[in-house]
Amino acid sequence: MVTQKLRIVVMNGQKIIQALVNNEWETTGTIKKVEEGIKPGIYNIYLAQKPEDKKQYEGKILYVDKENEVFYQQTGKDFIVHQINAINGKPVAGNDVVVEYDGEKANIAQNDSLKKKRVLKI
């Protein structure tokens, strides 16, 4: 896995992946349409932490890096970097998911956000 400082810039419905090269942010790859559900902002995914065993992470998948076989998930204000080959299932950017670790393997499940919404009955 190549370790470099990465960030995601989301604005005007577009997503830009940038890397820190010689103390300057440079765009890597192409500018792409942002996945539905990812809000505008700057996401410093280089601050992502490795997951802990026997722990559950709930949040939105921001970026799937197929080249390095990892994906980044935002959990609250923090970022977690998951290994794709450790996950049972396929991560999709923009989805709210729950990733639960049990030893070296992890399960990924769609987060049912409808359960969190309050319903007003009239």
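Attention in this report is confined to the structure presented alongside it. Predicted model, so just to flag it, every value in this text is computed and none were measured.

### As for the environment of leucine 47
Move 1: Residue placement: leucine 47 occurs in the loop between strand E4 (41–43) and strand E5 (56–65).
Move 2: On the accessibility criterion, leucine 47 (52% relative accessible area) is exposed.
Move 3: Separated by 32 residues in sequence, leucine 47 and phenylalanine 79 have C-alpha atoms that sit 6.7 Å apart.

### Observations regarding the nonpolar core
One broad rule of soluble globular proteins: the nonpolar side chains tend to lie buried together.
Move 1: With 15 residues, the main nonpolar core has Ile8, Tyr43, Ile45, Leu62, Tyr63 and Tyr72 as its most contacted residues.
Move 2: Counting residues per element, the ones that place at least two in this core are strand E1 (6–11), strand E2 (14–21), E5, strand E6 (70–75) and strand E7 (78–83).
Move 3: Other than its neighbours up to four places away in sequence, isoleucine 8 contacts Lys15, Ile16, Ile17, Gly41, Ile42, Tyr43, Ile45, Leu62 and Tyr63.
Move 4: The next biggest cluster of nonpolar side chains, apart from the first, holds 12 residues, and it includes Tyr57, Ile61, Ile87 and Ile108.

The rules we used
Residues numbered from 1 in each chain as written. Predicted model: local features only at pLDDT ≥ 70, side-chain atom pairs only at ≥ 80, totals over all residues. Heavy atoms only, no water. Helix = DSSP H or I, 4+ residues; strand = E, 2+ residues; numbered from the N terminus. Buried < 20%, exposed > 50% of the residue type's maximum accessible area, 1.4 Å probe, protein only. Core = buried A, V, L, I, M, F, W, Y, C linked by side-chain atoms within 4.5 Å. Contact = heavy atoms within 4.5 Å.

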